[in-house]
Every structure is written in C-alpha cells, then in structure tokens.
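Understanding the architecture of this molecule
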Amino acid sequence: MSIIAMDDLEQQCWECNEKGTISDEACPKCDGKGYIATALGQTLLDFFKRHSDK
Ligand SMILES: [Zn+2]
C-alpha cells in the first residue's frame, strides 16, 4: 500500500499564487481556493461525493 501525500492530491494555484484572488476577484483557475486538485485528487473527490451523500 502506498501513502498518498497532500502534494499528490492538490497543488498550489500558479495563477493566483495560492492567494485565491486576482485583483480582488476570486481566481477562476482554482475557484478562489488557492489550490487545484490534481487528477488523483479529483478522482478521490468524485469517489467521496459518490459515497458520502447519505
Ligand atoms: Zn488560483
């Protein structure tokens, strides 16, 4: 079993430099979060969404 690091799930947004905003507007690249989910992170998000709505 391999260990998943946070870096494998998300990365700093290069568009807003992790701030989440660009000139006081929410960064469109990361949706104001400052981080962008990687392909693996997105896969996990989809998984949790699918299994967590009870
Ligand atoms: Zn951003």
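Before any of the text, the structure's been laid out above.
The structure reproduced in this document is the subject of the present report. None of these values were measured; they are calculated from a predicted model.

1. So, the coordination of the zinc ion
Here the zinc ion is held by the protein donor atoms Cys13 (SG), Cys16 (SG), Cys27 (SG) and Cys30 (SG), which lie 2.3 Å from it. Seen from the zinc ion, its four donor atoms lie at angles of 103 to 115°, and the figure they make is tetrahedral.

2. With respect to the packing of aromatic side chains
Taken as a whole and assessed by the stated rule, the structure comprises one aromatic pair. Taking the centre distance of 5.6 Å and the plane angle of 75° together, the rings of Phe47 and Phe48 count as edge-to-face. On the basis of relative accessible area, Phe47 is assigned to the partly exposed category, the value being 39%.

Calculation notes
- Residues numbered from 1 in each chain as written.
- Predicted model: local features only at pLDDT ≥ 70, side-chain atom pairs only at ≥ 80, totals over all residues.
- Heavy atoms only, no water.
- Donors = N, O, S within 2.8 Å, 3.2 Å for Na, K, Ca; no water.
- Tetrahedral: all angles 85-135°; square planar, octahedral: opposite > 155°, others 65-115°.
- Phe/Tyr/Trp six-rings, centres within 6.5 Å; stacked < 30°, edge-to-face > 60°.
- Buried < 20%, exposed > 50% of the residue type's maximum accessible area, 1.4 Å probe, protein only.

These results come straight from atomic positions and should not be treated as a statement about function.
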